[in-house]
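# Summary of structural features
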Amino acid sequence: MVAIGGVSACVTQKKKDDVSKLGKFYHNTTAKFNGYFNANVLLTESIAKLDEQHQDNYNQILEIYPYTAADNPQAVASDLDEAIKKVSIVVSLHRVSHWTDDCYLLMGQAQYLKKNYEDAEETFKFFREEFDPETADLRAKKGKRSRKKTSRSRGKSPKKSAETKKKEKDKKKKKKAREKERKKYNKQLKKKRKKKKSSRKRSSSKSDKGKKDKEITKPSASRKNEKKKEGPDAKKKEDKKKDKDDKNEDGKLKHRPVYQDGLLWLARTFIERENYFESELILNKLARDPKIHEPVARQLPVVQAYFQMKQKRYEQVIPYLETAIKRSKERDEKARYSYIIGQIHQMGGRSEAAAASFKDALKYSTSYEMEFSSKLNLIKNDWNNGRTTGEATIAKLIKMTKDIKNDEYQDQLYYAMSQIALKENDKLAAIGYLKKSLLMSKSNRAQKAESYLQLADLYFESQQFVDARNYYDSTLLALTKTDERYGPISRKKDNLEDIAKNLVIIQVQDSLLNLSKMSDKDRKALAYKIKKDEEEAKLKRLTDNARNSSNANQGRRSPVRPSSSPSTFFAYNEKGAKKGSKDFERRWGQRVLEDNWRRSNRRNTSDLLDIAQDDEQISRELTEDDINKILKDIPSSDSQIKATEGKIADALFALGRLYRERLEYNEKTVESLEELLRRFPDTKHRMDAYYYLYLAHTDLGQAARAREYYDKLVSDFPGSTYARVLQDPNFMEASKEEERRLTAYYDDTYAVFRKGEYKQAIERTARVNELFGPNNALRAKFALLSAMSLGNVKGKDAYVAALRDVAAKFPNTDEQKRAKEILRLLSTNAADDGKVRQGAGGRFKIEEKAVHYFIVMLKNKSVKLSDAKNSVSDFNRKYHKLDRLRISNIYLGSDTSTPILVIRRFKGKSKAMAYYDGIKKNERDFLPVGAKYEIYPVTQYNYRQILKAKSMDGYDTFFQDNYEN
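Figured I'd write up the structure that's included with this text. (Residues numbered from 1 in each chain as written. Predicted model: local features only at pLDDT ≥ 70, side-chain atom pairs only at ≥ 80, totals over all residues. Heavy atoms only, no water.)

## Topic: the packing of aromatic side chains
Tallying each qualifying case throughout the model produces 50 aromatic pairs. When the centroid spacing of 6.3 Å and the interplanar angle of 70° are considered together, the rings of Tyr691 and Tyr692 count as edge-to-face. Pair check on accessibility: Tyr691 and Tyr692 agree, each one buried. Centroid distance Phe844 to Phe958: 5.5 Å. Interplanar angle 50°. Geometry classified as tilted. Here Phe844 is found in the loop between α39 (814–828) and β1 (851–858), whereas its partner Phe958 is found in helix α43 (residues 955–964), with 114 residues between them in sequence. For Phe844, a relative accessible area of 5% puts it in the buried group. (Phe/Tyr/Trp six-rings, centres within 6.5 Å; stacked < 30°, edge-to-face > 60°. Buried < 20%, exposed > 50% of the residue type's maximum accessible area, 1.4 Å probe, protein only. Helix = DSSP H or I, 4+ residues; strand = E, 2+ residues; numbered from the N terminus.)

So this is what it looks like as structure tokens:
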């Protein structure tokens, strides 16, 4: 071992050709079995973990590579970083080994799995340049030539002695003599052969001609070999030849270069980065390569299918996956590819082809999940083809729900029933099946998301927007963020947010108005009913909890192992247990698992005793104070009733505007605004309502109704902007010019503010009403700018007063939100110099490519700063081992009461946000349990601004506007 160590120490910096056989053996063995092997195990385990993390959604086209769709790659970041570290050491110490290319390949694969595609691309590009066989050969030849030149130049050594010269001369003479003798011998041999040939010709007779012709037509040795190759053993001989080619002169197996593998992974990286042109060039090059290695040839059609899939060219996926099935040696891969082909055929309406593919998936299946999904699709296919009716298909699916093997898959079965009901236009039944699917859902998050989404869409189509909003929200909780539908669903939910809120306001306030007209006796009866409903709900909740607990206890019995002999214990007999349960329920009904269950009038110390009160007792216990408390929200005075009506009017107007702007539902706009004018003819929203009704009726093609609201607008509000816009075609252009002037004035004022000339900024904001009128479009922005300027000139008290004024005067605006946020922060973080810095994000810059820090603001003192630092350090070591992150801490505020951890540094916004997302997905590993904190990525410039102000005022709003959205 010492000798080998000595050799390796001498050759680590040498070229491969300069290393001795012993040195090569040492480097190859150590590189493979010390570093590369362990790194490869980590990589393989990481892929397995990501595969396990991802849950297949069989209602959508399956992912070709499940591990690429995993939602939390940070979970394996620690192992992948360790793998990168190991291969980096191998490359550093054993560069001359055959495993250097494998190490670079593995490094790129690890970066790819971490979804760090930018770094993976750089690694694979380097790999392509460094290990290209063609350029490597050129470098080798150039190296040999340079070494020859060097040796010649070094040959000009000291003058040779006479003895040496004489020896060299004798050597040359002997060499010439040998050459002369060899030529003479060859000449004689040639003459002998010529004579022999001519004598054979003369002695041959005519009778031998036929024989000679036959001999001539005999296949040569090479042709014989060709014929043999075409026989059944041709493949075996070809494989033997390949094995021979893959061996060195000494018969030992040589290392297979992974250059082609690297190209394939580079193509995959380009696909992820949507650089489809470069990816296609690589894939075409590999497809044309006659010397492609078998493992690469097996994976190539899969990557080609992935290339088409990412571009949604589904029909072009099929031929590549069919090739992949033929080449693959793994049954689960064949099953997956067959299933995907079946899904694509099903999507294209080719039921017969889809059925054939699902049968193939069933044949290759190695898991019950794939087997179940294939069978389910075959059943649906029969219905699609018209072989069975919808009723018969649903009956078959219900029968499947009773199979104990399908307990885990009942949610999918009920979802399938809902799809059949929908196609038969039975929406009510479909909703029932979907709710049953959610009720039966256990661990299948993907199926839960599909059921929530289908319900949300159905309620949206029925214009039940409150339910639709709630189900879209539930969908987002179940859906992975990597799903391409996540963004559109999130936007749809956001669009419905305010609509649902206003619908609830109208419903609640209308109910309260109706209740306000009730007599005292009716109110008392209502209070009694509310109390009774609360008690019944509590009783039901406790009963359900007890029953669930009973079922859980019953479900804990150990199942009989398949290999063991059947148990005679009665409780292990599934049929007997079910029969006994039904007999019990038939006689006794649903009973909680507890003592004295037979006694209907039992008394014990449980919560149920407190709830089991009759109607008379509840009524007797209700005092006047209890009634007032229960009915406290019902308006009683005229002012309260007027305020309630005002809330309804505001909500109706907001709904009319939102239906048009968010959903483009002009019919609903008309419905809401006309109800507003009917119920509240003198509403403050009358002018705006006329204008929106004019626009909605115009878009609906109802010219007469549009004209009616046009006339009302012009006659009732002749000087309004709306009337002037409708009457004067040039007014809009003039308004745009006025708007441009107003915007330019604001920009100039803001520039003055940024320079720190706060007094001038205050003067400019004071002239806005004079120049552009009190109702200008940017009055809220000017008010907030004025408040921030006042804060810097007159201090905190003036700042707080001005911010409160902004919050009161401009409800439901971004400026109100920002003012409230600053006020909230000011209550905890006071400025120490008597001046309050800018608080609405105005002082912060957006620099996406700039270096970022990461701020962790600790909000409670229950966690020690040292513990927090250690925890974050452990988190970084686990998930960001190779990023070389450093942690420090500072305190903000005059009393240094807010500790902040600063994590340095990240290359750009995307890297910082990747760290942010990693924290959100792995919160348990970030800070100790119970820690309350806020986290923000921040550029160096913005960090300096925070330090100057000694406050985080306004950064939360800036972050939400520029990072989270």
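## Considerations on helix α15 (residues 331–347)
The end-to-end C-alpha distance of α15, which contains 17 residues, comes to 24 Å, matching closely the 24 Å that a straight helix rising 1.5 Å per residue would cover. Of all 17 residues in α15, 12 are buried, a share of seventy percent or more. Regarding α15, the residues found buried are Lys334, Ala335, Arg336, Tyr337, Ser338, Tyr339, Ile340, Ile341, Gly342, Gln343, Ile344 and His345. In this structure, the buried residues of α15 make contact with α13 (294–310), α14 (317–327), α16 (351–364) and α17 (368–384). Looking one or two residues beyond α15, the residue adopting positive phi is Gly349, at roughly 80°. (Expected span 1.5 Å × (residues − 1). Contact = heavy atoms within 4.5 Å.)

## Re the pattern of salt bridges
On inspection of all chains with the given rule, the structure shows 44 salt bridges. The closest approach of N and O atoms between Asp119 and Lys911, which form a salt bridge, is 3.5 Å. A residue pair is termed long-range when its members are at least 10 positions apart, and Asp119 in helix α5 (residues 117–130) and Lys911 in helix α41 (residues 909–921) qualify at 792 residues. The shortest N-O distance in the salt bridge between Arg679 and Glu675 comes to 3.6 Å. With Arg679 and Glu675 both in helix α30 (residues 666–679), this residue pair falls four residues apart, about one helical turn. A relative accessible area of 27% means that Arg679 is categorised as partly exposed. (Salt bridge = Lys/Arg side-chain N within 4 Å of Asp/Glu carboxyl O.)

## Considerations on unusual backbone geometry
Here Arg904 and Arg905 are connected by a cis peptide whose omega angle stands at -10°. Not every positive phi belongs to a glycine, and Lys312 is a case in point at roughly 60°. Secondary-structure assignment places Lys312 in the loop between α13 and α14. You can call Lys312 partly exposed: its relative accessible area is 44%. The phi dihedral of Asn425 falls on the positive side, at around 60°, and the residue is not glycine. According to the relative accessible area criterion, Asn425 is exposed, its value standing at 69%.

## A word on the nonpolar core
Residues Ile64 and Leu321 are the most contacted members of the largest nonpolar core, which totals 72 residues. Beyond its immediate stretch of four places on either side in the chain, Leu321 contacts Ile64, Ala305, Tyr337, Ile340 and Ile341. Residues Leu458, Leu673, Leu677 and Ala696 belong to the second largest nonpolar core, which totals 55 residues. (Core = buried A, V, L, I, M, F, W, Y, C linked by side-chain atoms within 4.5 Å.)

## Examining empty space enclosed by the protein
What the rule picks out here adds up to one cavity of 30 Å³ or more. If you add up the space inside the largest cavity, you get close to 30 Å³. Class assignment of the residues belonging to the lining of the largest cavity gives a composition of four nonpolar, one polar and one charged. (1 Å grid on protein atoms, 1.4 Å probe; cavity = no way out; pocket = protein on both sides within 12 Å on 5 of 7 lines; lining within 4 Å. Points joined across faces, edges and corners; volume = space filled by probe spheres on them. Nonpolar A, V, L, I, M, F, W, Y, C, P; charged D, E, K, R; others polar.)

## Topic: the environment of Glu322
Here Glu322 is to be found in helix α14. Taking the C-alpha atoms as reference points, Glu322 and Ser338, separated by 16 residues in sequence, lie 7.8 Å from one another.

## Quick notes on α13
Each turn of an α-helix holds 3.6 residues, which means side chains three or four residues apart point in the same direction. Over its 17 residues, α13 runs 25 Å from end to end, which matches the ideal 24 Å to within 8%, given 1.5 Å per residue. Along its length, α13 shows its largest kink, about 25°, at Leu300, and proline Pro301 lies within four residues downstream of that point. Counted residue by residue, α13 has 12 buried out of 17 residues, so it is predominantly covered. Restricting attention to buried positions, one finds in α13 the residues Val296, Ala297, Leu300, Pro301, Val302, Val303, Gln304, Ala305, Tyr306, Phe307, Gln308 and Met309. Residues of α13 that are buried sit in contact with α4 (100–113), α11 (259–272), α12 (276–288), α14 and α15. Count one or two residues on from α13 and you reach Lys312, which has phi positive near 60°. (Bend = angle between axes of the 7 residues up to and from the residue.)

## What to know about the packing of helix α35 (residues 758–766) against helix α37 (residues 779–794)
One can describe the packing of α35 onto α37 by two numbers: an axis separation of 9 Å at closest approach and a directional angle of 150°. Crossing of α35 against α37: the hand is left-handed. Here Tyr758, Lys759, Ala761, Ile762 and Thr765 of α35 lie close against α37, whose contacting residues are Phe782, Ser786, Ser789, Leu790, Asn792 and Val793. Residue composition of the contact of α35 with α37, by class: six nonpolar, four polar and one charged. (Axes fitted to C-alpha atoms, helices over the stretch in contact; angles between N-to-C directions. Left-handed = near helix turned anticlockwise from the far one by under 90°.)

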